[in-house]
Amino acid sequence: VAYSNIAKSFTTQEWGIVRPDNPPGGTHSQALAAAMVDATRLGAAQEVDEAVVNYREDDPTPLLEDDGHIKLVALSVDRSDKVSKLLERRRRGANPISALSNGNFASINIRGMLIPFVKRRFPPLVWVPQVTCRTLMDDLVAGLTVGVMAIPQAMSYAAIVGVPYVIGLYTAFVPVVVYTFVGTSRQLVVGPVAMESLLIASGLSGLLTQSECPKWYAQGKNSLKSQSQLCPEEYTALVLATTFVVGLLETVSSIFGLGVLLRFLGKPVITGFTAGSAIVIMTSQLKDVFGIKIPNSETLQEVVKNIHAEAHHTSGLCVALALAFIAYLLFHRFVTRHRVLKRYLWWLQPLGPLIVVIVGALMLGNSPYLQSKLKYVGHIPEGMPPARVPITSEMLGRVFPTAFGAFVVGDMEAIAIGKGLADKHGYSIDSTQELLAQGVANLVGSFFSCYTATGSFSRSAVNDMVGGKTQLAALISALVVMFTLLFLTSWFFWVPKFALAAIVITSVIPLVDVGSAIQLYKMSKKDFVVWLTAASLVMFLGILQGIAAGVALSLAIVIYETAKPQIIILWRIPGTTIYRNIKQ
């Protein structure tokens, strides 16, 4: 519309000169000059001195040099009409709905609309042209590092869910490859994470029917063995069905723009949920630290009760070795993150879990005595992930509550990590596209024996620290996991379970962020109550109950503050132009 009006208004021989130091009409004249430059590029004006204009395609405002000027020349009435019609057609072409309603199909700018849409839905078209030899080497180093780190973590997190270790390796491979081609974050690494693993394990506990798992019902619900141990095939099918529903929820939310609803899950709820879950995860791993058998539980008091009941079966050897491994991992983290030593030892930081796994496997592999006293991983099948149909209509109702909780928590975590990394590196991510990327990754993964994947804080942080620049780093890490699946799974046969428990415990310790709780207490007592409520209910009632209560409390506070907004009357301090609260 602006261009059209400008073209119609030029009826004199010469409009005049626009100078940057003292424009005759202020910003209006500068905007007029900018519009005239664009019109000239369409062939509208007869003469414009373009030598003095620094024009950028991504910035519609020309940047005039200090001594530059633009000469605006009059248009004839006939030419003004032609330019006006041309610009009007272009304006309508930018709005395809309007063009279709008017029957003006020819004016639709298909190319102008299609290219941005394709780039938005297929982000590699944006960052692949920016790849250089330097960034390629950075991504190669970061990808190898993250891949080595992902292998022991994936196996440890699969143990939390209760699925075979190989399922964790599949989850560190397939969703990562899919996200590489759809995700907008360049440093985010997706895959199995501790929070999602615990949420799925607690949500699906005891959901197999008697016909699906008769052994568990025959032994009674207080059996030391869980459904995942007695009926692994049926339980794995339930986990894959959950992954499919999570992916479906993410995809539908991205299509209909429902991701905005995640904003109701505020920071106090997330940090409280995370802290409570981390404590439950640590206590759930104590059975492998003590070398005892206890029923799987999702609440803190049940875990403590079961450990106390079986404490007389504790293996002193297992406890000693587990504590030694935990101490080493904590010392490893301290040394590699020390403000002085990290300059020289930063490259060792992601290798801590792998060192523990290798040392543990060598110990058991060369000692028949330890093999007879300690539990180990055992056989892991080689090969690519098998394809399978992940869900039946009968499973949908059973897994939906767990899937919804995993969807909310997983996407909040992934988007928060992605935004933090994007802000650090000076680019932006599309939250809607991120939901779609997570959804497609989980949908595809569910057909290839993967459980729910989301953004991993630890692996993303390492990827960024080592120097990962694009999603090529994540793709390389997935190829490392694939190589392991094809050729190296036999190397993990003698990995002790207490080593995996040590990895999990040390991985989730930083998630108990007491500093955030103290900060919330100082800044807002209401937010601290939300944090404390979410953490307490997660620990003592369960994961889903804690999330639901935290969200309900957050909404109640929002409604209350909306009904009774804070009103402050400002008063000018006499003799100044400063206003302050009248109560002060």
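The model shown is predicted, which means the values in this text are computed figures rather than measured ones.

Caption draft 1: Representation of the pattern of salt bridges in the model. Per the stated rule, a full pass over the model turns up five salt bridges. Here Asp138 ties to Lys469 by a salt bridge, and the two come within 3.2 Å at their closest N and O atoms. Residue Asp138 is located in helix α7 (residues 133–161), and its partner Lys469 is located in the loop between α23 (457–466) and α24 (472–487); the two are separated by 331 residues in the primary sequence. The exposure class assigned to Asp138 is buried, which follows from its relative accessible area of 18%. The network of salt bridges with common partners includes Arg134, Asp138 and Lys469.

Caption draft 2: Up close: the confidence of the model for the protein. Across the protein, the average pLDDT comes to 81, with 80% of residues at or above 70. This stretch, residues 41–68, has a pLDDT under 50; its non-local contacts, to residues over four places away or in other chains, come to 54 contacts.

Caption draft 3: Main features of empty space enclosed by the protein. Inspection of the entire model under this criterion finds two cavities of 30 Å³ or more. As a volume, the largest cavity reaches approximately 40 Å³. If you go around the largest cavity, the residues you meet are Asp288, Gly291, Cys318, Leu374, Lys375, Lys497 and Phe498. Of the residues in the lining of the largest cavity, the class split is three nonpolar, one polar and three charged. Taken as a whole, the second largest cavity spans an internal volume of roughly 30 Å³. If you trace the second largest cavity, you find it lined by Val146, Ala150, Ala172, Val176, Val189, Val190, Arg459 and Ser477. Within the lining of the second largest cavity, the residues separate by chemical class into six nonpolar, one polar and one charged.

Caption draft 4: Seen up close, the packing of aromatic side chains. One pass over the structure, following the stated rule, counts twelve aromatic pairs. Arranged with centres 5.0 Å apart and planes meeting at 50°, the rings of Phe483 and Phe487 form a pair that is tilted. One end of the pair is Phe483 and the other is Phe487, both in helix α24 and four residues apart, which spans about a single turn. Using a relative accessible area of 44% as the deciding quantity, one classes Phe483 as partly exposed. Grouping aromatic residues by their ring pairs yields a cluster made of Tyr376, Phe493 and Trp494. Sitting over the ring of Tyr521, Lys525 keeps its end group 4.6 Å from the ring centre.

Caption draft 5: Spatial organisation of the state of the cysteines. Scanning the model with the defined rule gives one disulfide in all. A sulfur-sulfur separation of 2.1 Å characterises the disulfide bridge that pairs Cys213 with Cys231. Here the disulfide of Cys213 and Cys231 is right-handed, its torsion about the S-S bond being about 85°. Taken together, the residues span a long stretch of sequence, with Cys213 in the loop between α10 (194–204) and α11 (214–219) and Cys231 in the loop between α12 (227–230) and α13 (232–255) at a distance of 18 residues. Of the two residues examined, Cys213 and Cys231, each falls in the buried class.

Conventions we followed
- Residues numbered from 1 in each chain as written.
- Predicted model: local features only at pLDDT ≥ 70, side-chain atom pairs only at ≥ 80, totals over all residues.
- Heavy atoms only, no water.
- Salt bridge = Lys/Arg side-chain N within 4 Å of Asp/Glu carboxyl O.
- Helix = DSSP H or I, 4+ residues; strand = E, 2+ residues; numbered from the N terminus.
- Buried < 20%, exposed > 50% of the residue type's maximum accessible area, 1.4 Å probe, protein only.
- pLDDT = per-residue confidence, 0-100.
- Contact = heavy atoms within 4.5 Å.
- 1 Å grid on protein atoms, 1.4 Å probe; cavity = no way out; pocket = protein on both sides within 12 Å on 5 of 7 lines; lining within 4 Å.
- Points joined across faces, edges and corners; volume = space filled by probe spheres on them.
- Nonpolar A, V, L, I, M, F, W, Y, C, P; charged D, E, K, R; others polar.
- Phe/Tyr/Trp six-rings, centres within 6.5 Å; stacked < 30°, edge-to-face > 60°.
- Lys NZ or Arg CZ within 6 Å of the ring centre and 35° of its normal.
- Disulfide = S-S within 2.5 Å.

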